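# Observations on chain architecture
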Amino acid sequence: MRPALTITSLLALSIVGDAQPTRGGSKFEAAEASTSKVQVDGPSKIPLSRRGSAELKRSDGSLDWARAHAHLARAQSKYARSIKNMRRNAPNEAAKIISRSFGVESSLLARRAWETDSDSLEYEGDNAEILGKRDDKLFGGSAGIVRGGYKNDMRPIVDFAVKNPKYVANPKYQATASSAVASSSAAVVAAAASPSATVVSSAGLSLTEQGGGTLWTGTISIGTPAKSFLIDFDTGSSDLWVPSVSCTSAACNTHTKYDPSESSTSSAVSGKKLSISYGDGSTTTGTVYKDTVTIAGMTATSQVFGTATSLSSDWQDDPMDGLLGMAYQSISQLGTSPFFNTLITQGSSAASQFSFKLASSNSELFLGGMNPSLYKADSTVWAPVTSQSYWIVDSTAQVSSKKVSALGTFSAIIDTGTSVIVAPTASAAAFWAAVPNSAVYGSGYYTYECNSPPKLSFTFGGNSQQWTMSSDSLNLGKVSAGSSRCVGSIVGADIGVAAWVMGDTFLENVYSTFDFSTNAVGFSTLA
């Protein structure tokens, strides 16, 4: 029997009719949007929100360097945190992928990630003398931050009064929050699970535009009675955490907080403590609880999660409340079963798979299989996972369909929680050296002629199928307003793993599936 779907969403909700389900699904008639409970009999999808604050381009088409640096800082702190967890939980797995040159873990940044020396960074070609003098804002010209130890000219974080660079306000923080919520729509449609598994129950979380961007979020509920949280679903980490009711800072007060006293199914977990390091270098700890967690009617009971007692200042205008990790347990800071694995263990998921479509519209996280309406039949190619930590697979890179021989086969982490593609600095240099008319821009960034974008593609798991990035996905924005040079979304940074991080600028070009039963990642052509 398929479970009834209970929805308590921050977004307005409607049911869309005429969806064509398979394997016993049914059609649903249109209904009025509501934040009350909606009962449906069958698989479903529920709209989530695309993070407007993740937009990296300014209105004039140029790259917002401050925001780009903040994104990289978050990725860097996330991988430093997960590396420490993996060393503790699974040292053999850690030895496979941790970069030997990585010499810093939690104390990565000595100033805010978006601190800049000027409002714009003009393209200066690849003049070695100029580039040698440039102090790249996140990964320094000498890469002093990444390779351990702070540069002498860096002041403590407390000395800075840096305005949050994100321009999209949290909709729950605005005076007009009710109208902002009402303007968003949601859909519940019949959908199908993976063709490779027998369907018992499955649920989809579909994403809708919230203002443009490169990261996606959606609603989950925690506790009894259920309380809704807007969450970033991240295949590059493994823990669930949300703000704690004990957090009273300005950054926390714009977000929904977890209060254990309000839930009859909550219990504290002794012997565990949440520990988070943020992209700006700040850290926090918090209490760990067990409670009921529900997504699209799929419920995990006694799910372990953390509650953060503080948030870094850049979270104040960020719509998401917290994060739900979907990688392997070996990188869990809490050392516990991730949410989706709990669903599998408790028999609540039809299959040990979940899938993503990431786009500006009609995007979706599908739990319990694959949604055949979102990808082309018989197009799926599977790549075996090489380490049960991150979703890490073998990969090659191509420029104009020709393999970049200098790279050979490399490891690639498939990460929905990182906005761009991050490659080790030496690998990024080798890759861009194969791109005609490309040029170095500072430390880690590369540019190309906007009117002549290169054709770039990747293969996975030893398969010959090349998955091409669109020119829009490659283009982070012009170097500056009016420039003829565009900044590529493949960035060089040594973040501690001997692997590329394939973030959303790649993933928005494919339908991706993550399978715990076969330990493989699937790539399919978008329908």
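The paragraphs below set out a description of the structure included in this document. (Residues numbered from 1 in each chain as written. Predicted model: local features only at pLDDT ≥ 70, side-chain atom pairs only at ≥ 80, totals over all residues. Heavy atoms only, no water.)

### Topic: the pairing of strand S24 (residues 475–478)
Examined bridge by bridge, S24 and strand S25 (residues 485–488) share 3 bridges and lie antiparallel to one another. Along S25, the bridge assignment pairs lysine 478 with cysteine 486. Following S24, the chain reverses through 6 residues before pairing antiparallel with S25; glycine 482 in that reversal takes a positive phi of roughly 85°. (Pairing = 2+ DSSP bridges. Helix = DSSP H or I, 4+ residues; strand = E, 2+ residues; numbered from the N terminus.)

### A few points about empty space enclosed by the protein
Here the structure, examined in full by the defined rule, presents 7 cavities of 30 Å³ or more. Estimated volume of the second largest cavity: approximately 130 Å³. Lining the second largest cavity are 14 residues, with Arg81, Asn85, Ser237, Asp239 and Gln333 positioned closest to its centre. Among the secondary structure elements, those contributing two or more residues to the lining of the second largest cavity are helix H1 (65–89) and strand S8 (267–277). Here the lining of the second largest cavity takes 4 residues from H1, the largest share from any one element. Of the residues assigned to the lining of the second largest cavity, the class counts are 5 nonpolar, 6 polar and 3 charged. (1 Å grid on protein atoms, 1.4 Å probe; cavity = no way out; pocket = protein on both sides within 12 Å on 5 of 7 lines; lining within 4 Å. Points joined across faces, edges and corners; volume = space filled by probe spheres on them. Nonpolar A, V, L, I, M, F, W, Y, C, P; charged D, E, K, R; others polar.)

### Overview of the sheet that holds S25
The 4 strands are arranged S20-S21-S25-S24 in an open sheet whose pairing can be described as antiparallel. Strand pairing shows two members of the sheet lacking a second neighbour, strand S20 (439–441) and S24, which therefore form its edges. The sheet shows a mean angle of 40° between the axes of neighbouring strands, taken without regard to direction. Of the strands in this sheet, S20, strand S21 (445–449) and S25 touch H1, which is tilted by about 135° from S21. Sheet contacts for helix H7 (residues 425–433): S21 and S25; angle to S21, the most-contacted strand, approximately 10°. (Axes fitted to C-alpha atoms, helices over the stretch in contact; angles between N-to-C directions. Contact = heavy atoms within 4.5 Å.)

### Re unusual backbone geometry
In this model, threonine 224 is joined to proline 225 through a cis peptide bond whose omega is 0°. Considering the arrangement of structural elements, one finds proline 225 in the loop between strand S5 (216–222) and strand S6 (227–234). Look at aspartate 378: it is not a glycine, yet its phi comes out positive at around 65°. For aspartate 378, a relative accessible area of 85% gives the class exposed. The residue serine 401 is not glycine, and still its phi comes out positive at about 70°. Mapped onto the elements, serine 401 comes out in the loop between strand S16 (391–399) and strand S17 (402–403). Note on serine 401: relative accessible area 37%, which makes it partly exposed. (Buried < 20%, exposed > 50% of the residue type's maximum accessible area, 1.4 Å probe, protein only.)

### Regarding the packing of aromatic side chains
On inspection of all chains with the given rule, the structure shows 30 aromatic pairs. Each ring, one from phenylalanine 340 and one from phenylalanine 354, has its centre 5.2 Å from the other, and the planes form 75°; the classification is edge-to-face. Here phenylalanine 340 is found in helix H6 (residues 339–345), whereas its partner phenylalanine 354 is found in strand S12 (residues 353–357), with 14 residues between them in sequence. Relative accessible area serves as the criterion here: at 1%, phenylalanine 340 is assigned to the buried category. Joined through ring pairs, the aromatic side chains of Phe410, Phe431, Trp432, Tyr446, Tyr448, Phe458, Phe460, Trp467, Trp500, Phe506 and Phe523 make up one cluster. (Phe/Tyr/Trp six-rings, centres within 6.5 Å; stacked < 30°, edge-to-face > 60°.)

### Quick notes on the nonpolar core
Judged by nonpolar contacts, the single largest core of 94 residues is most densely connected at Phe431, Phe458, Phe460 and Phe506. The biggest single contributor to this core is H1, with 6 residues. Excluding residues that lie within four positions of it along the chain, phenylalanine 460 makes contacts with Ala383, Val393, Asp394, Ser395, Ala412, Ile414, Trp467, Met502, Phe506 and Phe523. Counting 16 residues, the second largest nonpolar core, distinct from the first, contains Cys247, Ile276, Leu311 and Trp315. (Core = buried A, V, L, I, M, F, W, Y, C linked by side-chain atoms within 4.5 Å.)

### Examining the state of the cysteines
Across all of its chains, the model carries 2 disulfides by this definition. The disulfide partner of cysteine 247 is cysteine 252, and the S-S distance across this bridge is 1.9 Å. The sign of the 90° torsion about the S-S bond sets the cysteine 247-cysteine 252 disulfide as right-handed. A relative accessible area of 0% means that cysteine 247 is categorised as buried. Paired by a disulfide, cysteine 450 and cysteine 486 hold their sulfur atoms 2.0 Å apart. Taking the torsion about the S-S bond as the criterion, the cysteine 450 to cysteine 486 disulfide, at about 115°, is right-handed. Taken as a pair, cysteine 450 in the loop between S21 and strand S22 (456–460) and cysteine 486 in strand S25 lie far apart in primary sequence, 36 residues in all. By sequence-ordered numbering of the bonded cysteines, the protein has its disulfides arranged as 1-2, 3-4. (Disulfide = S-S within 2.5 Å.)

### A look at H7
Every buried residue belonging to H7 is among Ser427, Ala428, Phe431 and Trp432, and all of these are buried. Buried residues of H7, viewed axially, fall in a sector of 125°; they line one side. Exposed side of H7, more than 90 degrees from the buried face: Ala426 and Ala433 are the residues found there. (Arc of directions from axis to C-beta.)

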